[in-house]
Amino acid sequence: MDFEEKQLVQRVLAGEAKAFREFIDRYKRLVAHIVFRMVANFSDREDVCQDVFVKAYENLQGFQFQSKLSTWLARIAYNTCVNYLAKKRPPLLEDRQEADVTVESLAADIETPYDDAADSDVSRLLHAQVQALPVLYRTIVTLFHLEGMKYAEIGHILALPDGTVKSYLFRARKMLREKLVVLQEDVL
Amino acid sequence: MMMNHLNDDTMQDYLDGNISAREREEVRQHLEECEQCRDLLASYQDVFAALEREPDFELPKNFTRKVIRQTHKRAIGSLQFGLLQIFFILAAAIAVINVVLTYVQVDTFTATAKTTADAFKDLAQQLGVPMQSALTKIHFNGFFIVILLVGFVGLYLLDRFLLQPRFKPVADQ
Ligand SMILES: [Zn+2]
């Protein structure tokens, strides 16, 4: 267990305001990764991020150091987003439509023919396609590729077996690869 | 030795480094011989590159400050609510005792009740040793008003010196 992590938690619990600021600064990237990936509505994202940290602050007493602090916090972030999405069922549909529109419109935006120089453009377009994946898929690819987490860690956050995490991850990447092929054909 | 074309799963395991050294060598050999699989690998590499690209998820600069302010507000809110509850319970208890002592003739109570009341009076007198002479003259009403005031001042001091400093707002960045 990380000694530095334990100290930080103890300082926050002791009511040291500076420690909580450190805590937020340290983990806001992780929380933003999860929340921004899961919540499509721009205006709600920051509020959800705030909720995550407020919840973490109020529940920190119960943190038993049985997992990494980042895993524990990511779990809170994930659950907060799930609750948010459950309350906002209709926007989920909107979210998908929005995503479907971007596939064509983004591909249509490209005027330059596909060559080595445009390679990074395809990568950029593909990056935009991550948001069009199902919520669970895009959360998994984010935790794996941006946070460098292992299957087990992701499984713990999402309450899924490791095998499921792996198969979702593989499916998500396969879907993106298929989109990539379409994008490349369109720009050729 | 020529093996079958690489499937998606093998390709991804290969890129994740999830395969044994021997399998790895086999994949490498096949890739050297097969253009189709090299293309597949290249497209997966593009996918991985896109996934590793840092998204522009930018929280506002004052995000940290906002969170701290919110936790501060909620903590103060719940504390004030807690104090308010304590205060009302205290006030209600004082009011009830006061009414009982004012309108009910303690002397007409049964012996048990009288003993209880006497014990209560003794306790009150012990608590207010310096005011003992005053207490015997002043009606119980006065005594309870004093208690009420002491309670108020106590709550104020508790809030001012113990609870508030603990949640002092953090200086802006
Ligand atoms: Zn092949």
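Only a predicted model underlies this, so the values are computations on that prediction, with no experimental measurement involved.

Draft legend 1. Up close: the side chain of Arg138(A). Residues and elements named next belong to chain A. Residue placement: arginine 138 occurs in helix H7 (residues 135-145). For arginine 138, a relative accessible area of 2% corresponds to the buried category. At a separation of 3.5 Å, a polar atom in the side chain of arginine 138 contacts the main-chain carbonyl oxygen of methionine 38. Among the polar contacts listed, one links the side chain of arginine 138 to the backbone oxygen of glutamine 131, at a separation of 3.0 Å.

Draft legend 2. Representation of the interface of chain A and chain B in the model. Residue-level contacts link 44 residues of chain A with 35 residues of chain B. Of all residues in chain A, the largest losses of buried area upon contact with chain B belong to Arg21(A), Phe170(A) and Arg177(A), amounting jointly to 15% of the total for that side. Of the charged contacts, one joins Asp13(B) and Lys166(A) as a salt bridge, the two residues approaching to 3.2 Å between their closest N and O atoms. Sorting elements by how many residues they give to the side of chain A that touches chain B places helix H2 (residues 17-38) of chain A first, with eleven residues. Each residue belonging to the side of chain A that touches chain B can be placed in one class, and the counts come to 21 nonpolar, nine polar and 14 charged.

Draft legend 3. Region of the structure containing the packing of aromatic side chains. Taken as a whole and assessed by the stated rule, the structure comprises ten aromatic pairs over all chains. Arranged with centres 5.0 Å apart and planes meeting at 35°, the rings of Phe36(A) and Phe57(B) form a pair that is tilted. You can see Phe36(A) sitting in helix H2 and its partner Phe57(B) sitting in the loop between helix H3 (35-52) and helix H4 (63-103), one on each of two chains. The exposure class of Phe36(A) is buried, given its relative accessible area of 7%. Measuring from centroid to centroid gives 5.2 Å for Tyr137(A) and Tyr168(A), while their planes differ by 45°, and the two rings are tilted. Of the two residues, Tyr137(A) is situated in helix H7 and Tyr168(A) in helix H9 (residues 162-187); the sequence distance between them amounts to 31 residues. Judged on exposure class, the residue Tyr137(A) and its partner Tyr168(A) are both buried. One aromatic cluster is present, built from ring pairs that chain together Phe20(A), Phe23(A), Tyr27(A), Phe53(A), Tyr57(A) and Phe63(B). The residue whose ring lies beneath Lys6(A) is Phe65(A), and the NZ or CZ to ring-centre distance is 5.3 Å.

Reading guide: rules and limits
- Residues numbered from 1 in each chain as written.
- Chains lettered and ligands numbered in written order.
- Predicted model: local features only at pLDDT ≥ 70, side-chain atom pairs only at ≥ 80, totals over all residues.
- Heavy atoms only, no water.
- Helix = DSSP H or I, 4+ residues; strand = E, 2+ residues; numbered from the N terminus.
- Buried < 20%, exposed > 50% of the residue type's maximum accessible area, 1.4 Å probe, protein only.
- Polar contact = N/O pair within 3.5 Å; in protein donor to acceptor, adjacent residues only side chain to side chain.
- Contact = heavy atoms within 4.5 Å.
- Buried area = accessible area lost by both parts, 1.4 Å probe.
- Salt bridge = Lys/Arg side-chain N within 4 Å of Asp/Glu carboxyl O.
- Nonpolar A, V, L, I, M, F, W, Y, C, P; charged D, E, K, R; others polar.
- Phe/Tyr/Trp six-rings, centres within 6.5 Å; stacked < 30°, edge-to-face > 60°.
- Lys NZ or Arg CZ within 6 Å of the ring centre and 35° of its normal.

Geometry only, nothing functional implied.
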